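Here is what each chain is made of, one letter per residue.
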Amino acid sequence: MNNQPAVVAAQPPVQPPPHPLSVLLGSVAYNAVVFHVQGKNYAVNDVLQQAQRLPHPHLNQLKIRALVPAFVQTSQNLAALTAAFDLAVPIIDNWTTGHIQQLLLAARNGNGANRLPGEWGLIAAELKAPLLATDQIAAQFIRCPQWATAELVLLARSFNGAQLNMTATQWAAIASRLQGANCTAATALEFAGLPAAPWTAGLRAAVALAFQTAAQGLTAAEYAAIAAALTGVRGSDTNVKRFAAMLNYPAAQRAAMAASFEADQAGLSSDHWLLVAAPLTGVNATAANAEAFARLPLPWTRQERGMLAAAFEANTYGMSAIEWAAVATALAPDHVQSPKCTTLLAIPLWAAAEKALLAAAFRANARGLTAMQWAAIAASLTGVRAVAATAMSFASLAGWSAAERALLSAAYEANQQGMSAAEWGTLAGALTAGRATRDNAVAFAALAGWPNAEKLALAQAFNAQQYGMTAAQWAVIAAALNGIYRTSANALNFLNLPQWTAAERALLAAAFIANQRHRTAPQWAALAANLTAARATTATATAMLDIAGWNAADEAALAQGYNANQHGATAAAWANMAATYAGAAHARVLRTARHMAYLNRGWPATVNLNGANFNLKALGGGGPGLVYELGHFPHVTIHDMALDITPSQWRWGPKDYQVVLGGGAGHTYPYVADEYKPFLGSNPAHDGPAQLLANAFWQSFL
């Protein structure tokens, strides 16, 4: 057994483990760090601590090996080193080392908006797309004054997601226009997101500045909505500012109004459009209302459109702006004045559609009237009568004054008298000149029970010849007629009595209706026409109508005779006497008149001759004369005696008479006083049979 001690083999020296930073960076980069850390106020371990913050070391190994030595080389103290890593940590995954180093350099040199490198890194981290992850692009956002870093982070994120046809510089230009509470990504995005056409980057920035300068109580979204509504040459910050400044309109309505203007400017600039819209406030301040007035057709001027909008604001008259516009449109092109339009719009109780129809009718033919006069006509009409067609019936009355047309419309409204407005218009149209009045037309329209055609015919007759009476007096006469007699032709029989008072004509018509006395209306009129002055009365006429045994023609002739000389008797007395001549078809009118004349001169109605009563009769031959008769024979005749001879004058004058005992010349005995005076060649002996009667007759007049 070998007891010698064992010889221990020499072992190589144990190498210390590599520094963790060396493991991370590799020896070359590590040695560079060790070299550059000399003279600094931090050690390799401080560098290791910072380097360990960098994410995904395996994926980012090359970037880390390049950046860490560079950061140590350029960082004079631990604070600077820490700031460098603060910047790099969020962006190392997507950024190149060159852009990271350039960004750090910019952060250290410019320190935009007093931001720390770490804030630069947070903002830059949102720029992930290869073409966007650059120090130049990041710097545009980072240097926006007054912006909080968190908002710039959001803004950069939005840009990274969609550049909206703009560069970062242009985005930053929009952001830089915003200040204070408006420095938010959400605000900037409202303007950056405006449509590319026509909203260039410069115009978007201008709109942002306009919003910042005077938001007009709008949010950025509301302000941008106005801009988004405008396109083409209308897409300008000036136009946006104009619509935004309509403080009396809610935000949504301002945008809607811009959209309306965009759709159809109606020949107006934006400022003129808004001048039209300006009067509207409260519930009236809507884009639809503004559009209704702004788009009125030419030749409505901007001023007149604005005046109409102001009138609408003052009083809508229960109508929408669209309904107002319909009325105004109906007036174009001849009556495009706000006062005219509002006059028609103000008609109470009319449906809007009917006002528009009325306006169209007025424009088509004003009938010589003003809008106010048309409105006065229409204003009386209510309910189913408040329609343009009805008003036109009165407005179109040619030759009528405006006031009378309005009065007639009111009369129709009060009582239609069973007639349509058109029938009223036709009736009224029959009246012209001084007869074209409400009162005249109503007089005929109000004839109860009369057919409308007959009312019209009566009005036409009145217009042609009034017969010295008013329409009201005509109506009283016509109203007395009933049933089948309610015709113009019948009424005219009683109307056309110019010598009669209106009251008596009416009484005559009433008497005719009460009892026609077997005579027609023309026959009544023919008789009445012969009566004048105090004789022109119903009592006189009716007394002479329907005399027993007489015809109408003879009655009319009798009335004429009576009217010429009543011989002191009443019409009734004449009629009674006429009845006694009923059988005398020959000259009974003449005989009755002569009879009444002789009675008036004192000739007795009867004489008693030898105990028998002989009755007075008048002769009806060629000359006047009378006869006293007992039946037909015998009788005593006085021929050719004037009607004004009294019995006394006859007794002292001619004294001649004839006693007639029978037919034939041989029975006729002429006398003068009580002396027989036979005809030439007659036999005196023949006197005997007549002597007693002749003596009695002569004695009766002594």
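Criteria and thresholds
Residues numbered from 1 in each chain as written. Predicted model: local features only at pLDDT ≥ 70, side-chain atom pairs only at ≥ 80, totals over all residues. Heavy atoms only, no water. Helix = DSSP H or I, 4+ residues; strand = E, 2+ residues; numbered from the N terminus. Buried < 20%, exposed > 50% of the residue type's maximum accessible area, 1.4 Å probe, protein only. Contact = heavy atoms within 4.5 Å. Areas by Shrake-Rupley, 256 points an atom, 1.4 Å probe, with all protein chains shown as cover. Lys, Arg positive; Asp, Glu negative; His and termini not counted. Charge placed at Lys NZ, Arg CZ, Asp CG, Glu CD. Pairing = 2+ DSSP bridges. Phe/Tyr/Trp six-rings, centres within 6.5 Å; stacked < 30°, edge-to-face > 60°. Lys NZ or Arg CZ within 6 Å of the ring centre and 35° of its normal. Axes fitted to C-alpha atoms, helices over the stretch in contact; angles between N-to-C directions. Core = buried A, V, L, I, M, F, W, Y, C linked by side-chain atoms within 4.5 Å. Salt bridge = Lys/Arg side-chain N within 4 Å of Asp/Glu carboxyl O. Expected span 1.5 Å × (residues − 1).

To continue, consider the overall build of the protein chain. Summing up its helical and strand segments, the protein chain has 37 helices and seven strands in all. In terms of overall dimensions, the protein chain has C-alpha extents of about 245 × 60 × 30 Å along its principal axes. For the protein chain, buried positions account for 47% of its 702 residues. Pairs at least 24 residues apart make up 60% of the contacts formed inside the protein chain by residues separated by at least 6 positions. About 30,800 Å² of surface is accessible on the protein chain, with carbon and sulfur atoms providing 58% of the total. Here the protein chain contributes 40 positively and 35 negatively charged side chains, and the mean placements of these two sets differ by 5 Å.

In terms of residue burial, strand β3 (residues 625-629) counts as a mostly covered element, since five of its five residues are buried. With burial as the criterion, each face of β3 is covered, one bearing G625, V627 and E629 and the other bearing L626 and Y628. Pairing geometry for strand β2 (residues 612-618) and β3, over four bridges, is antiparallel. Bridging across to β3, K617 finds its partner in V627.

We now examine the packing of aromatic side chains. Here the structure, examined in full by the defined rule, presents 36 aromatic pairs. Their ring planes at 75 degrees and their centres at 5.6 Å tell us that F362 and W374 sit as a pair that is edge-to-face. On the criterion of sequence distance, the pair formed by F362 in helix α21 (residues 352-364) and W374 in helix α22 (residues 371-379) is long-range, its members being 12 residues apart. When its relative accessible area of 1% is taken as the criterion, F362 is described as buried. For the pair Y628 and F701, a centre-to-centre distance of 6.5 Å together with 55 degrees between the ring planes defines the contact as tilted. Pair noted here: Y628 is in strand β3 and F701 is in the segment after α37 (688-700), with a separation of 73 residues, a long-range link. Ring-pair connections join several aromatic residues into one group, and the members of that group are W603, Y628, W650, Y657, Y669, Y671, Y676, F697, W698 and F701. Above the plane of the ring of Y581 lies K617, whose end atom (NZ or CZ) is 4.7 Å from the centre.

A few words now on the sheet that holds strand β7 (residues 675-676). The strands making up a sheet associate through hydrogen bonds between their backbones, and the pairing can be parallel or antiparallel. With antiparallel pairing, seven strands are arranged side by side in an open sheet as β1-β2-β3-β4-β5-β6-β7. Both outer strands of the open sheet, β1 (606-609) and β7, are each paired with one neighbouring strand and no more. Sitting on the sheet, α37 touches β1, β2, β3, β4 (635-639), β5 (656-660) and β6 (668-672), and the angle it makes with β5 is about 140 degrees.

It is worth spelling out the nonpolar core at this point. Core analysis: the largest hydrophobic core is formed by 209 residues, its most contacted members being L21, V68, F141, F191, M257, L344 and F444. The contacts of V68, once residues within four sequence positions are left out, are L25, V33, V47, A51, L54 and F85. Residues M641, Y671, Y676 and A694 belong to the second largest nonpolar core, which totals 25 residues.

Below, the discussion takes up the side chain of S260. Of note, S260 is situated in helix α15 (residues 251-263). On the basis of relative accessibility, which here comes to 5%, the residue S260 falls in the buried class. Each residue touching S260, except ones within four places of it in the same chain, is listed here: W273, E291 and R295.

An α-helix turns once every 3.6 residues. As a result, residues three or four positions apart point the same way. Buried within helix α26 (residues 438-445) we find N440, A441, A443, F444 and A445. In the core, the buried residues of α26 are packed alongside α24 (402-414), α25 (421-429), α27 (452-464) and α28 (471-479).

On to the pattern of salt bridges. Tallied over the entire structure, the rule returns 11 salt bridges. The salt bridge involving R53 is made with D86; its shortest N-O contact spans 2.5 Å. Taken as a pair, R53 in the loop between α3 (44-51) and α4 (61-74) and D86 in helix α5 (residues 78-88) lie far apart in primary sequence, 33 residues in all. We classify R53 as partly exposed; its relative accessible area is 32%. Residues R385 and E413 are paired through a salt bridge, measuring 2.7 Å at the closest nitrogen-oxygen approach. Of this pair, R385 sits in the loop between α22 and α23 (388-395) while E413 is found in helix α24, placing the two residues 28 residues apart along the sequence.

This paragraph deals with helix α6 (residues 97-109). The first and last C-alpha atoms of α6 sit 18 Å apart over 13 residues, in line with the 18 Å expected at 1.5 Å per residue. Considering only its buried residues, α6 is in contact with α4, α5, α7 (117-124) and α8 (135-142).

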